[in-house]
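# Analysis of the macromolecular model
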Amino acid sequence: MWKEIPIPFYLSVYFFHVLNPEQVLQGEKPQVQERGPYVYREFRHKSNITFNNNDTVSFLEYRSFQFQPNKSSGLESDYIVMPNILVLAASMMAVDKPMALKLIMTMAFTGFNERAFMNRTVGEIMWGYSSPLVNFISKYFPSAFPFKGKFGLFAELNNSDSGLFTVFTGVQNITRIHLVDKWNGLSKVNYWHSDQCNMINGTSGQMWAPFMTPESSLEFYSPEACRSMKLVYKEADVFQGIPTYRFVAPNTLFANGSVYPPNEGFCPCLESGIQNVSTCRFGTPLFLSHPHFYNADPILAEAVTGLHPNGKDHSLFLDIHPVTGIPMNCSVKLQLSLYMKAVKGIGQTGNINPVVLPLLWFEERGAMEGETLQVFYKQLVLLPKEKCYLFWSSSKKGSKNKEAVQAYSESLMTTPSQGTVLQEARL
């Protein structure tokens with residue numbers, strides 16, 4: 001189960017189709033229309049599994065995606081109008097550069113027939129497209145962006161790994177199970193401006209220590225977000241008959257430093273509720289947030305027509321079985337936005353008013369089902385009930401039966417044998 005996760009994961013992507021690109025270039029307020037979902041089945045498997053001598057195991061986890069037309073509200077051939085990230089990102093990075101360089105960039109963009117907005121298919125935006133500009137950057141500036149021949153927002157995630165994780169097995173200490181020891185050989189990253197923000201905390205996001213309480217929190221490191229995230233307890237619930245704790249994002253997750261001082265290390269910041277990830281995205285002015293700027297400063301959603309933030313559709317959660325620390329049901333929703341504005345000297349940017357414009361939001365969802373769910377339900381719900389019944393009925397019989405059943409019942413309440421944790425990964 002640990003090596004090949006049997007739970008089906010789905011990636012659902014929603015694009016923000018820009019309805020008035022020409023008017024935005026003239027300084028008007030952007031109008032967007034949400035398109036989607038475009039749903040992909042996500043396959044994960046671990047390889048290069050190496051057990052180390054310090055109670056840790058190292059592995060690479062590979063992911064691949066397969067489009068699911070029957071679950072989608074559209075096809076990968078659908079066209080979407082959205083900001084031309086390469087043009088606008090390069091323009092923003094040239095704000096303080098000499099005017100001569102900006103004029104050269106203007107002529108280059110004109111020569112490559114590149115504009116501030118592009119009309120591309122879903123498949124091209126997701127997995128990559130080639131163009132004279134992309135080919136030029138790949139050839140002459142290979143270190144500027146992490147793509148080779150094609151540029152796509154999810155191109156680097158498909159058929160690739162998320163870095164080398166080294167996590168604790170829990171054999172010697174069950175409370176440390178799956179805690180990240182190192183990621184790509186690092187015990188902390190260097191993207192941010194404080195030691196606290198650079199720390200690699202929590203697990204790799206697949207399981208947590210057992211015996212949780214409402215005072216517990218869920219912390220994990222996300223390579224895609226380049227940071228650790230912490231979720232907090234919300235309520236007790238039941239998933240398919242199995243008791244769970246629901247954990248959600250606190251209001252401070254993407255708060256800026258003025259609202260939540262510990263997040264100052266993630267700045268420079270704009271309005272609260274969006275995180276600047278440019279330092280780990282090659283200087284591109286990209287921002288991470290909840291979809292539709294949910295839980296963010298209202299001025300962000302008010303600056304774009306067509307956004308409707310609400311907790312029901314745009315909040316994230318993880319439902320965890322508190323005794324084992326294993327996720328039963330999860331839905332992680334995040335939005336990617338681009339900060340853009342007119343840059344004097346680069347004609348393609350026109351008179352764009354400064355705005356954080358959403359590009360897309362996505363949901364990664366997985367829920368235990370089928371045979372795996374039946375096994376968990378039997379082990380976590382039915383068998384404990386049977387043991388209690390056997391204990392009650394045996395009290396009317398001989399003392400030997402009673403003592404045997406009592407001893408077995410008590411064994412269910414003790415910490416599992418340390419030597420059993422993650423041993424299946426050795427097979």
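Quick summary incoming for the structure in this document. (Residues numbered from 1 in each chain as written. Predicted model: local features only at pLDDT ≥ 70, side-chain atom pairs only at ≥ 80, totals over all residues. Heavy atoms only, no water.)

## Comments concerning the overall build of the protein
A tally of helices and strands in the protein yields 10 helices and 15 strands. When the 427 residues of the protein are sorted by exposure, 49% land in the buried category. For the protein, the proportion of contacts with a sequence separation of at least 24, taken over those separated by at least 6, is 64%. Split by element, the accessible area of the protein, about 20,500 Å² in all, is 54% carbon and sulfur. (Helix = DSSP H or I, 4+ residues; strand = E, 2+ residues; numbered from the N terminus. Buried < 20%, exposed > 50% of the residue type's maximum accessible area, 1.4 Å probe, protein only. Contact = heavy atoms within 4.5 Å. Areas by Shrake-Rupley, 256 points an atom, 1.4 Å probe, with all protein chains shown as cover.)

## Notes on the state of the cysteines
Taken as a whole, this structure holds 2 disulfides when the rule is applied. At a sulfur-sulfur separation of 2.3 Å, the disulfide partner of C226 is C280. In this structure the cystine formed by C226 and C280 twists about its S-S bond by roughly 90°; its chirality is therefore right-handed. Separated by 54 residues along the polypeptide, C226 in the loop between β8 (217-222) and β9 (227-239) and C280 in the loop between β11 (274-276) and β12 (286-289) bring together distant segments of the chain. On the basis of relative accessibility, which here comes to 1%, the residue C226 falls in the buried class. Take C280: its relative accessible area is 8%, and that puts it in the buried class. (Disulfide = S-S within 2.5 Å.)

## Thoughts on the side chain of S228
Among the structural elements, S228 can be located in strand β9. By relative accessible area, S228 is classed as buried at 11%. Within polar-contact distance, the side chain of S228 engages the backbone oxygen of M199 at 3.1 Å. A polar contact of 2.8 Å, which involves the side chain of S228, links it to the backbone nitrogen of N201. Not counting residues within four places of it along the chain, the set of residues in contact with S228 comprises M199, I200, N201, E219, F220 and Y221. (Polar contact = N/O pair within 3.5 Å; in protein donor to acceptor, adjacent residues only side chain to side chain.)

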